[in-house]
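# Descriptive analysis of the structure
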Amino acid sequence: MKTTGIVTGIVSNLVTVRFDGHVAENEICYINLNGVKLMAEVIKVNGKNAFVQVFESTRGLKQGDTVEFEAHMLEVILGPGLLSSCYDGLQNNLTTMSDVFLKRGEYTDPLDREKLWDFTPIAKVGDKVMSADWLGEVKEGWLPHKIMVPFSFEGTYTVKSLVEAGQYKVDDTIAVVTDEKGEDHKVTMVQKWPVKVAIGSYVEKPRPFKIMSTGLRTIDTFNPIAEGGTGFIPGPFGCGKTVLQHAIAKQADADVILMAACGERANEVVEIFTEFPELVDPHTGRKLMERTTIICNTSNMPVAAREASVYTAMTICEYYRAMGLKVLLLADSTSRWAQALREMSNRMEELPGADAFPVDLSSIISSFYARAGIVRLRNGKTGSVTFIGTVSPAGGNLKEPVTESTKKAARCFYALEQNRADQKRYPAVNPIDSYSKYLDYPEIVDYLKETVEKDWVDKVLYIKNLLRRGKEVAEQINILGDDGVPVSYHEQFWKSELIDFVLFQQDAFDAIDALCPMDRQQLMLELVLEVCAHKFEFDTFEECRDKYKEIINVLRQMNFSEYKSDKFYQYQNELKTILAND
Amino acid sequence: MTKAFQRIYTQLEAITKATVALRAQGVSNDELATVAGRLAQVVKIKGDLVTLQVFSGTEGIPTNADVLFFGEAPSLNVSDELSGRFFNAYGRPIDGGPEVEGDHRAIGGPSVNPYKRRQPSQLIPTGIAGIDLNNTLVSGQKIPFFADPDQPYNQVMAQVALRADVDKIILGGMGLSNDDYLYFRHEFENAGVLNKIISFVNTTDQPPVERLLIPEMALAAAEYFAVDKNEKVLVLLTDMTLYADALSIVSNRMDQIPSKDSMPGSLYSDLAKIYEKAVQLPDGGSITIIAVTTLNDGDITHAIPDNTGYITEGQLFLRADTDSGKVIIDPFRSLSRLKQLVQGKQTREDHSQVMNASVRLYADAQNAKTKLENGFDLSDYDNRCLAYAKQYAIRLLSIDVNITIEEMLNTAWELFAEFFTQAETGIKQSLIDKYWPAKAE
């Protein structure tokens, strides 16, 4: 029998429930408000009182309203049909809701239960299987969606029966497996999993050893993110956080992309709805929407569901990872999630940490980032979840709890800078403060040696150093005046401008420059190195400035020209002429 | 207002400056009540102890005050009768007219399903070049003016509202000085557009906590016209900083732990709930929100403008320009995130190039100015930039400009031709060939 209770207290979306029987931490319950059922989650228990956070508005709720506990935690439903869907933070399908307004207590099924899927078996009767082993697959659009032994199955099972290839609905039994005690269990295409628990059905989680390309020079060349790695993008408003994230979503070399719009503007999600079905995935030629799933809890949607939304997204990512796929999770913005935690902690009258955030904020963030990673499956294949979150620091000040906690958890740091944005130097990623710790991984360095070239990392570090020296020199020129420093200072400065304009800056709205594949990045870096190594004879700083401006313009035109086209080579020759005539 | 089932209580257990608490049964969250005749709302229920926020303050309320519960959340009667009327924060007429009859709707209702939204795509012309040319507004957008308290933001907003091509203008005035309230009223009457205006006003002489109702009242009316009537609605909210101040008063009285700048931790969500009501609906209706956020000495890192910037689609910065003696829309710090949805699509093809060139040349003028201040010599180009900047500020950036977008573009071309060579503008040659003005002589 279900545990029941009655409402005894209400402060905004924190409700106190006196219950009979037993409840569990994070258990889901439904509060009955005149026949409308409001979903809520237990976040604290004290004696016979459970404190629950309600995922909807509590307007009209009364003391004495009845509550039913569900004996499970917040779960997502996993199965074919997740891809290309648009869900809210609790995995309700937003596309099948009829009303213009989100109706309180309206919960829609994330999967189409009537649709027929083409199923092909992979396992055979008599096979010994464990959780997450592949029993068969269905075609989910282009994607071979594996039907797995449910993650909740413990121990070894024997496949007793398996349906033949053919069309089935998600709820049809496709296999029967027998456990060690001889008991039979039916397996359908659908399974459930609690969002706050990481899916652990894999053999091992090695250190990341490959790069995931994004087509962005500032990331791939200078601070690459590993497949299965983690990164974050902090920045004040108006610095291009969302543009950068959308650029990554459009171009990253991933099989499946989860976009978690967490507490941000609804119009930005509308942009994805409008554009992604039209835009083409540069790696496969398919429409972008065919590899994208959206989890959308915009800033005006209930706060408690905002916290759930990032977990919902992560769990779906882990599900696809178990199919041996490369998954990328983009969450915009994790600060809103942290703020949701702060609001609840505040209502529960917990003692606050820095800036009134809960004291365990840091551990919550790091355990979430820890769910990303590349994993080796039982069948020897690998799958990965790469996670990039944005952070919206209050007042653009990076010394605040969310940024600091995230910095401890994420391995790549892409700091967006107001100053660069003001100068329209996009992407406004600070070239000096940003870092990728993966460049310190011997596995990654080896990988780059093999896939790019032998001294790639050394070249990149050398260029970075030139840039840093140039920025330092720029300050001296500012203080002492153009004539107050030797011409060699100007040359150093202009080398850094060359690196900045040609390699770091990239036009996300230009059809060609937006996406720069790795071999092209390599060539551009090579050309920049060539210019930097060239011995110019300058008598005045004006000469130096004009020469470098000319070179920058030619190299930028190359960035805007189609790779290896006549025009591209024409500009490359122009560069040769400039250098030869000097 | 008295109804048969109304429950009356007469024993208060606690009184603070903004709240009272009493023991009562069957009370629902967010429900309205009156305490000694003053409007109040349920904000906390703990067992049978109910805490009410009294909007007009608790001065003089005795422990034996009558408390009447209404059994419903704050609401507004919506119908076409709202047009042309002035209301207070509770939605009661303050213009001497009759109560509005119509559909009784709770304010602060649910949000629009993001999947049902459409991408904003309709230009809203205002006649002000600092807006139309550089920071074009789009219907369904939400954008605040960031202004210091001494700047004429209410006048600019009234101008924008009166020139915008919309079906309804809804004014939500929070902590409006009585003079500004009369100014708005006078402007609306003079313009002869009273029939498309609806106002909800809380003036400075009224209790600050009442302000909390204003945005939701205004937006409930807006949703009626945009959703039910498919109309284009423009909502003006002034001043959102005073709204946020009222939020911090209430949270303080409820013993909540403040976060940055003594604002409540929920400030972001509270503001987002209002601003995100801006929407382009599938059936043609739209809600556009233009707000005012007053700044403390231009400080945009304060929690109120900072959170606002993360929520809204850009901001319009007012600045007094000493070179031209005009109040201008600052082209550097202002931004309309949605402008590219209409520029060159609903305006002339040269729009975005002209905008970028004119702002870039203005930036060159700023550099020249810095050089001048630091005692360096100016080149001929620098001098021309400075002369251009002054004319650009007077003829285009100033808030008293009122011309069509076509005229703005032509003006910009005239300025280019007057001060620069074609190459210095860096505009695409095909556009220069088409639009560069012929020499006058």
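## Considerations on the overall build of chain B
- Within chain B, the secondary structure is distributed over 12 helices and 21 strands.
- Its C-alpha atoms put chain B at 85 × 50 × 40 Å along the principal axes.
- Per-residue burial for chain B yields a buried fraction of 51% across its 441 residues.
- A separation threshold of at least 6 residues defines the contact pool for chain B, and within that pool the share at least 24 residues apart is 71%.

## Quick look at the interface of chain A and chain B
- Tallying the contact residues gives 47 residues for chain A and 45 residues for chain B.
- In terms of residue count, helix 3 (residues 266-275) of chain A provides more of the side of chain A that touches chain B than any other element does, 7 residues in total.
- Looking at the side of chain A that touches chain B, its residues break down into 20 nonpolar, 17 polar and 10 charged.
- Bridge analysis of strand 1 (residues 4-11) of chain A against strand 5 (residues 38-46) of chain B gives 3 bridges, and the strand direction is antiparallel. Within the sheet, the bridge partner assigned to V11 of chain A lies in strand 5 of chain B and is K44 of chain B.

## Re the domain arrangement of chain B
Residues and elements named next belong to chain B.
- What the domain assignment lists for chain B is domain 1 (7-69), domain 2 (75-341) and domain 3 (351-435).
- The centre of domain 1, based on its C-alpha atoms, is set 30 Å off from the matching centre of domain 2.
- Across the contact, 10 residues belong to domain 1 and 8 residues belong to domain 2.
- Of the residues belonging to the side of domain 1 that touches domain 2, the class tally is 4 nonpolar, 5 polar and 1 charged.

## Brief notes about the environment of V359 of chain A
Residue and element names in this part refer to chain A.
- For V359, the location among the structural elements is in the loop between helix 5 (334-347) and helix 6 (361-369).
- Overall, the presence of 13 C-beta atoms within 10 Å leaves V359 in the partly exposed class.
- Taking the C-alpha atoms as reference, V359 lies 37 Å from R217; in sequence the two are 142 residues apart.

## Some remarks on the sheet that holds strand 10 (residues 128-129) of chain A
Residues and elements named next belong to chain A.
- In space, the 4 strands of this open sheet follow the order 10-13-15-16, with antiparallel pairing throughout. With one partner strand each, in any of the chains shown, strand 10 and strand 16 (184-187) form the two edges of the open sheet.
- Bridge analysis of strand 15 (residues 175-178) against strand 16 gives 4 bridges, and the strand direction is antiparallel. Following the sheet pairing, V177 is matched in strand 16 by H185.

## Some remarks on the packing of helix 8 (residues 351-373) of chain B against helix 9 (residues 380-397) of chain B
Residue and element names in this part refer to chain B.
- The N-to-C vectors of helix 8 and helix 9 enclose an angle of 120°; their axes lie 8 Å apart at closest approach. When the axes of helix 8 and helix 9 are compared, the pair comes out oblique. Where helix 8 crosses over helix 9, the handedness of that crossing is left-handed. Residue-level inspection shows S358, L361, Y362, D364, A365, A368, K369 and K371 of helix 8 in contact with helix 9, the latter providing D382, C385, L386, Y388, A389 and Y392.
- Here the contact of helix 8 with helix 9 is built from residues that sort into 9 nonpolar, 1 polar and 4 charged.

## Some remarks on helix 11 (residues 487-504) of chain A
- Over its 18 residues, helix 11 of chain A extends 25 Å from the first C-alpha to the last, a length consistent with the 26 Å expected when each residue adds 1.5 Å.
- Check the buried side of helix 11 of chain A and you find it contacts helix 1 (217-222), helix 10 (456-480), helix 12 (518-533) and helix 13 (541-560) of chain A.

## A closer look at the sheet that holds strand 12 (residues 143-148) of chain A
All names here are of chain A.
- Here we have 4 strands laid out as an open sheet, ordered 12-11-9-14, and antiparallel in their pairing. Looking at which strands have only one partner, the edges of the open sheet turn out to be strand 12 and strand 14 (166-168). Each strand of the sheet is rotated relative to its neighbour by a mean of 40°, with strand direction disregarded.
- As judged from the 6 bridges shared by strand 11 (residues 134-140) and strand 12, these two strands associate in the antiparallel manner. Within strand 12, the position partnered with G136 by the bridge is I147.

## Points about the nonpolar core
- L258, A260 and L329 of chain A together with A221 and V235 of chain B are the most contacted members of the largest nonpolar core, which has 285 residues in total.
- Here this core gets 12 residues from one element, more than from any other, and that element is helix 4 (residues 303-321) of chain A.
- In this structure V235 of chain B touches I170, G172, A218, L219, A222, I287, T288 and I289 of chain B, once residues within four positions along its chain are discounted.
- Residues V502, L503, L527 and V554 of chain A belong to the second largest nonpolar core, which totals 23 residues.

## Describing the pairing of strand 4 (residues 36-46) of chain A
Residue and element names in this part refer to chain A.
- Pairing of strand 3 (residues 27-33) with strand 4 involves 6 bridges; the strand directions are antiparallel. By the bridge assignment, I31 is partnered in strand 4 with L38.
- If you look at the hairpin formed by strand 3 and strand 4, you'll find 2 residues sitting between the two strands, and N34 has a positive phi there, around 45°.
- Relative to strand 5 (residues 49-54), strand 4 runs antiparallel, the two being bridged by 6 bridges. What sits directly across from V42, in strand 5, is V52.

## Quick notes on unusual backbone geometry
Residues and elements named next belong to chain A.
- For the bond running from D332 to S333, omega is 5°, close enough to zero to count as cis.
- Mapped onto the fold, S333 is located in the loop between strand 23 (326-332) and helix 5.
- P427 follows Y426 through a cis peptide bond whose omega is -10°.
- If you check the backbone angles, D355 has positive phi at about 50° while not being a glycine.
- For D355, the position within the fold is in the loop between helix 5 and helix 6.
- The class for D355 is partly exposed, based on 16 C-beta atoms found within 10 Å.

## Here's the deal with the environment of N92 of chain A
All names here are of chain A.
- Here N92 is to be found in the loop between strand 8 (86-87) and strand 9 (117-121).
- Looking at N92, the number of C-beta atoms within 10 Å reads 19, which means it is partly exposed.
- Considering only alpha carbons, one finds N92 and R113, 21 residues apart in sequence, at a separation of 14 Å.
- Dropping the residues within four chain positions of it, N92 is found in contact with Y87, Y107 and T108.

The rules behind the values
- Counting of residues starts from 1 at the beginning of each chain's written sequence and follows it residue by residue.
- Both sets of labels track the order of writing: A upward for chains, 1 upward for ligands.
- With the structure being a predicted model, the display of local features is reserved for residues of pLDDT at least 70 and the display and counting of side-chain atom pairs for 80 or more, all residues being used for whole-chain, interface and lining totals.
- Only DSSP runs of H or I covering at least 4 residues are called helices, and only runs of E covering at least 2 are called strands; the numbering of each starts at the N terminus.
- Buried means a residue has 20 or more other C-beta atoms within 10 Å of its own C-beta, exposed means 12 or fewer, and partly exposed covers the counts in between; C-beta atoms are placed from the backbone.
- Note on contacts: residues are paired as contacts if their backbone-placed C-beta atoms lie within 7 Å.
- Three residue categories are used. Nonpolar comprises Ala, Val, Leu, Ile, Met, Phe, Trp, Tyr, Cys and Pro, charged comprises Asp, Glu, Lys and Arg, and polar comprises the others, including Gly.
- In this description, strands pair whenever DSSP reports at least two bridges between them.
- An automatic or database domain assignment is the source of the domain bounds shown.
- Convention adopted: a line fitted to C-alpha atoms gives each axis, helices being fitted over their contacting stretch, and angles between N-to-C directions are expressed from 0 to 180 degrees.
- An angle below 35 degrees is read as roughly parallel, one above 145 as roughly antiparallel, one from 65 to 115 as roughly perpendicular, and any other as oblique.
- The hand of a helix crossing depends on one turn: near helix anticlockwise from the far one by less than a right angle means left-handed, and clockwise means right-handed.
- To estimate the expected span of a helix, subtract one from its residue number and multiply by 1.5 Å.
- By convention in this section, buried Ala, Val, Leu, Ile, Met, Phe, Trp, Tyr and Cys residues joined through C-beta atoms within 7 Å make up a nonpolar core.

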